[in-house]
Amino acid sequence: MSSFLAHRRDSARKHEQLRSNIARASALCARPSAHSSVASDASSAETVSEDEGARILTLSLSELAAACNDGSVIPSDVLHVYGRRALAAHEATNCLADIFLDEADPTAGSSTSGIPRILAGVPISIKDCIDVAGHDTTLGFSARVGHPAPADAPLVRLLRDAGALLYAKTALPTACLSFECSSDLFGTTTNPYNRAFSPGASTGGGAALLASQGSMVEVGTDIGGSVRYPAAYCGIYAVKGTHGRFPSTGCVSCVPGLESVPTITAPLARTLDDLQEFWRRVVEMRPWEYDHTCVPIPWRPVDHVASGKKLRFGVLADDGIVVPTPAAARALKEVASALRKQGHTVVEFSPPSPLEGLKVGYQLMFSDGAQSILAPKRVGEYVGPALLTVRLILRFPLWLKRLSATLLRWFSRPRGRNDAWAALMEIFHPRTAREERALVIERDKYRAAWFDAWREAGLDLMLTVPHALPAVPKEPAASDKTTLVSASSAFLYNVLDCAAGAMPVAYVDAAQDAHPPNYRRGAAYLGMNDVSRAIHDLYDASAMHGLPVGVQVVGGRFEEEHVLAGMKLIEHALRESERGFVPRKFQ
């Protein structure tokens, strides 16, 4: 009972804190001259004009930083304009966990410090699992309310030294591992393109904010697709790097202590140009001098468009676990077609069995029976049903899971359709320390086999879907049907620890992307496993009409520049084919 009451008390406390901070931010946006940290320049004593605000919103990251450095744009005006956009985005989608405009210092990274202000005036939001001094780092748990971080994460210090404006933390689901973005602390965050759908995974709050142009860059985290799903669902861009390329200390993992499949801190941006520029500028700030986990690899410029080099792309259209829905499959085909028209080689890629890599990865992630993930959970606290289902399966006796898997194999028709699901079910079980070490050895063998297959195929990059669905409905029941197993299309590249990005390429079209009539009676549907069938049962091209749909671009380890350049090449190829993604503008 005391745990339940503490949860109710701290949830209410967080609700009131957010309401108060939003009210304060609204007042500061209405009266910027009252903003204590705003420069005393006379031009900032009045509300930013509508024309000037519109101009600021059209500037790219590089243009904005240059303008703030040469004085043609005042950082306090940027803060005012993006602050208003953030408040509007929150009203529409419920995307904020905290907002602190009065703490964003427009003079941060002053040239007197000797550090170049290469992110001067760039508005950046932070996922609520990254430490910002004086603010809670909740991961959606009420037990973490009222325990503000004593110091900034090294990445936060770096961004402030570079002149960035950090002014908001974004909402996330309880415990992070979820396709919906819901918690008792923050409520449910919705997709700005369609409020009936989730903005995607645990960086969903940041993705909704970015798509609504309430921020220029969001810093999130990814252990199984948590920046790539939101990017695909909300029509924005993200690249997850290899562990050690981007600062991660002070970015609290939902699976603390897990090193075999580490949580990766990664940025998202509304445009690909901004994402590439942000990656470059963070690396040029020498993050290894801020964070001991960073590998000292300087930025290595790559431009596949300007070079004219013809690349070889592999396509993994189906990982053997979940069959992509029609809209996701079409997006992949359109990208492949556009690349071929530009003279690039696109071939089917046959890697080592994704199922075998995922079996190792899921066992490593849940080797402790999901105890560490849910340790902060209090009595009565909401946790997404997909994660609770995983915990339930983990608690079943091993003999019962093996029996269930055997029955699935025997009685599923057509025979063999549930073999992959059965293979996963029977390995979802806590592991001893000795078994976990053996799994790390298997992981490394799998990585080596993938590397060999990649080299043998002569690939530069690989294309696949970010997720089988364009987006997941926001209702918890949909997340339960989706299951964490359907994270296979992104989680595999966390197991491999390679660079991977997600980008929007089209919109769902009700006419083009509908299932054929009576598709449930067709051989394709009847041959799907139960997880894949559940995904296709959720798919509704009419309801999803107008949602973004994207592709995932995969490279090797520490090939972040290469993946970003490949994404630029895809964007160029689509435009040359008179296709490509144009984001919606939200009021």
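All values derive from a computational prediction rather than experimental measurement. (Residues numbered from 1 in each chain as written. Predicted model: local features only at pLDDT ≥ 70, side-chain atom pairs only at ≥ 80, totals over all residues. Heavy atoms only, no water.)

S.K.: Give a description of helix H14 (residues 398-411) that names residues and reports values.
M.R.: Spacing of three or four residues puts side chains on the same side of an α-helix, whose turn is 3.6 residues. In this model H14 runs 20 Å from its N-terminal to its C-terminal C-alpha over 14 residues, within 8% of the 20 Å that 1.5 Å per residue would give. Restricting attention to buried positions, one finds in H14 the residues Lys401, Ala405 and Leu408. The arc that holds the buried residues of H14, viewed along the axis, is 60°, so those residues lie on one side. Exposed residues lying more than 90 degrees from the buried face of H14 are Trp399, Trp410 and Phe411. Looking at the packing, one finds that the buried side of H14 touches helix H13 (385-395), helix H15 (419-425) and helix H20 (530-538). (Helix = DSSP H or I, 4+ residues; strand = E, 2+ residues; numbered from the N terminus. Expected span 1.5 Å × (residues − 1). Buried < 20%, exposed > 50% of the residue type's maximum accessible area, 1.4 Å probe, protein only. Arc of directions from axis to C-beta. Contact = heavy atoms within 4.5 Å.)

S.K.: I'd love a proper account of the sheet that holds strand S2 (residues 123-127), names of residues and values included.
M.R.: Strand order in the open sheet made by the 11 strands is S1-S3-S2-S6-S8-S7-S12-S13-S11-S9-S10, with mixed pairing throughout. Single-partner strands in this sheet number two, and they are strand S1 (96-99) and strand S10 (345-348). Ignoring which end each strand starts from, the neighbouring axes of this sheet average 30° apart. Of the pairings in the sheet, the one linking strand S9 (residues 312-315) to S10 comprises four bridges and is parallel in character. The partner of Arg312 across the bridge, within S10, is Thr345. In this fold helix H4 (residues 75-93) packs onto S1, S2 and strand S3 (165-170), with an angle of close to 10° to the strand it touches most, S3. (Pairing = 2+ DSSP bridges. Axes fitted to C-alpha atoms, helices over the stretch in contact; angles between N-to-C directions.)

S.K.: Now, about helix H3 (residues 61-70): what can you tell me, with residues and values included?
M.R.: Residues of H3 that are buried include every one of Leu61, Leu64, Ala65, Ala67 and Cys68, and no others. The buried residues of H3 occupy an angular sector of 165° when projected down its axis, which confines them to one face. Buried residues along H3 sit in contact with H4, S2, strand S6 (217-222) and helix H8 (272-284). Just downstream of H3, Gly71 is the residue with a positive phi angle, here 90°.

S.K.: Give a description of the side chain of Arg378 that names residues and reports values.
M.R.: As for its placement among the helices and strands, Arg378 is situated in the loop between helix H12 (371-374) and H13. The class of Arg378 is buried, set by a relative accessible area of 16%. A distance of 2.7 Å separates polar atoms of two side chains, one belonging to Arg378 and the other to Asp10. Not counting residues within four places of it along the chain, the set of residues in contact with Arg378 comprises Ser3, Ala6, His7, Arg9, Asp10, Ser142 and Ala143. (Polar contact = N/O pair within 3.5 Å; in protein donor to acceptor, adjacent residues only side chain to side chain.)

S.K.: An account of unusual backbone geometry is requested, with residue identities and associated values reported.
M.R.: With the exception of glycine, most residues fall at negative phi, and the peptide bonds are largely trans. Put simply, Arg413 and Pro414 share a cis peptide bond, and its omega is -5°. Among the secondary structure elements, Pro414 is positioned in the loop between H14 and H15. Backbone geometry at Arg286 places phi at a positive 55°, although glycine is not the residue there. Its place among the elements puts Arg286 in the loop between H8 and helix H9 (304-307). Exposure remark for Arg286: the relative accessible area of 41% places this residue in the partly exposed category. We note that Ala370 has phi near 70°; this positive angle belongs to a residue other than glycine. Relative to the helices and strands, Ala370 is located in the loop between helix H11 (354-365) and H12.

S.K.: Please give an account of the pattern of salt bridges that cites residues and values.
M.R.: Scanning the model with the defined rule gives 29 salt bridges in all. The salt bridge partner of Asp102 is Arg24, with a shortest N-O separation of 2.7 Å. Highlighted residues: Asp102 in the loop between S1 and S2 and Arg24 in helix H1 (residues 2-30), separated in sequence by 78 residues. A salt bridge links Asp537 to Arg520; its shortest N-O distance comes to 3.2 Å. Of the two residues, Asp537 sits in helix H20 while Arg520 sits in the loop between strand S12 (500-507) and helix H19 (523-526), which places them 17 residues apart along the sequence. The class of Asp537 is partly exposed, set by a relative accessible area of 37%. Assessed through its relative accessible area of 43%, Arg520 is described here as partly exposed. (Salt bridge = Lys/Arg side-chain N within 4 Å of Asp/Glu carboxyl O.)

S.K.: So, the packing of aromatic side chains: which residues are in play, and what are the values?
M.R.: A complete count under the given rule lists 16 aromatic pairs for this structure. When the centroid spacing of 5.6 Å and the interplanar angle of 85° are considered together, the rings of Phe349 and Trp450 count as edge-to-face. Residue Phe349 is found in the loop between S10 and H11, and its partner Trp450 is found in helix H16 (residues 433-457); the two are separated by 101 residues along the sequence. Like Phe349, the residue Trp450 is buried in the burial classification. Each member of the aromatic cluster is reached from another via a ring pair, and the members are Phe349, Tyr446, Trp450, Trp454 and Tyr493. (Phe/Tyr/Trp six-rings, centres within 6.5 Å; stacked < 30°, edge-to-face > 60°.)

S.K.: Run through the packing of H1 against H4, naming residues and quoting values.
M.R.: Angle between the axes and distance between the axes: these two values describe a pair of packed helices. As a packed pair, H1 and H4 sit with axes 10 Å apart at the nearest point and diverge in direction by 140°. Classified by the angle between their axes, H1 and H4 sit oblique to one another. Along this stretch, H1 crosses H4, giving a crossing that reads as left-handed. Where H1 approaches H4, its residues Leu18, Ile22, Ala25, Ser26, Leu28 and Cys29 are matched on the opposing element by His80, Gly83, Arg84, Leu87 and His90. Residue classes in the contact of H1 with H4 are distributed as six nonpolar, four polar and one charged. (Parallel < 35°, antiparallel > 145°, perpendicular 65-115°, else oblique. Left-handed = near helix turned anticlockwise from the far one by under 90°. Nonpolar A, V, L, I, M, F, W, Y, C, P; charged D, E, K, R; others polar.)

S.K.: Kindly report on the confidence of the model for the protein, identifying the contributing residues and their values.
M.R.: Averaged over every residue, the pLDDT of the protein is 94; the share at 70 or more is 96%. Between residues 33-45, whose pLDDT stays under 50, and residues either more than four places distant or in other chains, the model counts 23 contacts. (pLDDT = per-residue confidence, 0-100.)

S.K.: Please provide a residue-by-residue account of a nonpolar patch on the surface, values included.
M.R.: Taken together, Trp399, Leu403, Leu407, Trp410 and Phe411 make up a surface patch of nonpolar side chains, about 610 Å² in accessible area. Tracing the sequence through the fold places Leu403 in helix H14. (Patch = residues over 30% accessible without salt bridge, like charges linked within 9 Å, V, L, I, M, F, W, Y side chains within 5 Å. Areas by Shrake-Rupley, 256 points an atom, 1.4 Å probe, with all protein chains shown as cover.)

S.K.: Describe the environment of Glu277, listing the residues and the values that go with them.
M.R.: Tracing the backbone shows Glu277 in helix H8. On the basis of relative accessibility, which here comes to 18%, the residue Glu277 falls in the buried class. When the C-alpha atoms of Glu277 and Ala338 are compared, they prove to be 25 Å apart, with 61 residues separating the residues in sequence. In this structure the side chain of Glu277 is engaged in a polar contact, spanning 2.7 Å, whose partner is the side chain of Arg281.

S.K.: Describe the environment of Glu578, with residues and values.
M.R.: With respect to the element layout, Glu578 can be found in the segment after helix H21 (560-576). Owing to a relative accessible area of 75%, Glu578 belongs among the exposed residues under this scheme. The spatial distance from the C-alpha of Glu578 to the C-alpha of Tyr539 is 27 Å, given a sequence separation of 39 residues.

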